[in-house]
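# Structure at a glance
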Amino acid sequence: MANPDRIDRIFVPRFIDAANTNAQNLNAKAMLSRFSNPSAHWQTIFYDPADPALASSTQVSSSKLFRRHGWMPHLVALYQQPATGIFYPGVTAFDLLGMRLRALTGRRVPIISTIEGLAIPASSSQLEDAAGHKVFLQPLPEKASRRVDALLRVADHVIAISPFLQKMGRAFYGDKFSCLPLGIDASLFHAHDRNPPPRPRVVSTGHVAPHKRPEMFLQAAAQNPSADFVWFGDGPQLAPLHQQACERHLTNLTFAGRKLPHELADELRRSSIFALCSLSEGAPKSLQEAAACGLPLVAFKFFEPPSIIHNHNGLLASNDDEFFTHIKTLVNDPTLSARMGARGADMAKDWDWNVLAPQWEQSILTKMHELSPRS
């Protein structure tokens, strides 16, 4: 019989630095700041000043990592601290070393990980056989991909952030996958004071890098001179793409740089359509945030984005021509665009972290207990 007075101490090796904007660390901060079960205590890490909300939490304790290269052995050592489980481990070599060292010394505890993208070392044919359609891997260096593979193998349970990733995970790693969506900050991303412009405004967000295919955005702008196109984000392709836009005289295209979350939310509410050009993603938060702000979505179907229902709150493309056609359709039909956007904003009510974080907390604790029965 479980001991109701026992406190679970779960190590969450994610950085809770206030300034850290890595997607997985942001997810960890969003969850931990909303966890409330008094039977669990969460132990995490930081390098620079910690997020104030978590630094003052009575249910979260954090260890400041040593400076410079000292953080690497320090992280391995922290994996050895007393704990009843590990949730959300990272995929650096030091994360894997920390978990393996703990197992070798006979102090193995349940490990619950996540799968947030398709970056496993598998061939296209293997992936497509499992998916039943064309699939694209997310670009990762081979070493990083193999570390992801090693983590998924060592994990006792894996929470997939989309049904598609759950299906793919089960095909390659067995029946140890469940599914829960990631959330958004609904206090920032909402459609309450939406103010779309009279001239259609198509937006996208993300790192301006090859795998995001920002050149598709240039082509869409060239095909739709009656609309404005704005990309929010920075990256290595920003300067050459800006140069290309100037050479092609695309006066309706702007690369607006990176925005803080509250600034991005305001920009989304002042826009008409959101387009995601990449072929491989997990369950992009950018789609969720845009839908919450009342924008119809255009993306590719290869990664089965759970935040889009085709012909309901957005349009899914199976090739580049369809992608461009979908953008043109919404640009030329503001009534359809507004109708789809309103549906997306309604769907997004279920993606509020205040709704989803308790589900993650309950799922993690339940699975930890199943994997490590307590007397």
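Residues numbered from 1 in each chain as written. Predicted model: local features only at pLDDT ≥ 70, side-chain atom pairs only at ≥ 80, totals over all residues. Heavy atoms only, no water.

Glancing now at the sheet that holds strand β9 (residues 228-232). Ordered by their spatial adjacency, 6 strands build an open sheet running β10-β9-β8-β11-β12-β13, and the pairing between neighbours is parallel. The outermost strands of the open sheet, each flanked by one partner alone, are β10 (253-257) and β13 (314-317). Pairs of neighbouring strands in the sheet enclose a mean axial angle of 20°, with direction left out of account. Sheet analysis places strand β8 (residues 201-205) next to strand β11 (residues 273-275), joined by 2 bridges and oriented parallel. When the bridges of β11 are listed, valine 203 appears paired with phenylalanine 274. Strands β8, β9 and β11 of the sheet are contacted by helix α10 (residues 261-269), whose axis makes an angle of about 150° with β8. (Pairing = 2+ DSSP bridges. Helix = DSSP H or I, 4+ residues; strand = E, 2+ residues; numbered from the N terminus. Axes fitted to C-alpha atoms, helices over the stretch in contact; angles between N-to-C directions. Contact = heavy atoms within 4.5 Å.)

We now examine the nonpolar core. Ranked by internal contacts, the top residues of the largest apolar core, which has 85 residues, are Trp42, Phe87, Leu268, Phe274, Trp360 and Ile364. With 7 residues, the top contributor of residues to this core is helix α14 (residues 353-371). Excluding anything up to four places from it in sequence, leucine 268 contacts Phe189, Arg194, Val203, Phe274, Glu289, Ala290, Cys293 and Leu295. (Core = buried A, V, L, I, M, F, W, Y, C linked by side-chain atoms within 4.5 Å. Buried < 20%, exposed > 50% of the residue type's maximum accessible area, 1.4 Å probe, protein only.)

Before going further, it helps to spend a moment on the side chain of asparagine 313. When you line up the elements, asparagine 313 lands in the loop between β12 (297-300) and β13. Looking at asparagine 313, the relative accessible area reads 0%, which means it is buried. In terms of polar contacts, asparagine 313 uses its side chain to reach the backbone amide nitrogen of isoleucine 309, at 2.7 Å. Those residues within four positions of asparagine 313 in sequence are excluded, and the remaining contacts are Leu295, Pro296, Leu297, Ser307, Ile308, Met340, Arg343, Gly344 and Met347. (Polar contact = N/O pair within 3.5 Å; in protein donor to acceptor, adjacent residues only side chain to side chain.)

Structurally, histidine 41 can be placed in strand β2 (residues 40-46). Among the polar contacts made by the side chain of histidine 41, one reaches the side chain of serine 61 at a distance of 3.0 Å. Residues in contact with histidine 41, not counting those within four places in the same chain, are Ile7, Asp8, Arg9, Ile10, Thr58, Gln59, Val60 and Ser61.

Our next topic: the pattern of salt bridges. What the rule picks out here adds up to 15 salt bridges. When the shortest N-O distance is used, the salt bridge between arginine 201 and glutamate 267 registers 3.0 Å. Note that arginine 201 is positioned in strand β8 and glutamate 267 in helix α10, a separation of 66 residues in sequence. A single burial state applies to arginine 201 and to glutamate 267, both of which are buried. Here arginine 269 ties to aspartate 266 by a salt bridge, and the two come within 2.8 Å at their closest N and O atoms. Remark: aspartate 266 and arginine 269 occur in helix α10; sequence separation between them is 3 residues, near one turn of the helix. (Salt bridge = Lys/Arg side-chain N within 4 Å of Asp/Glu carboxyl O.)

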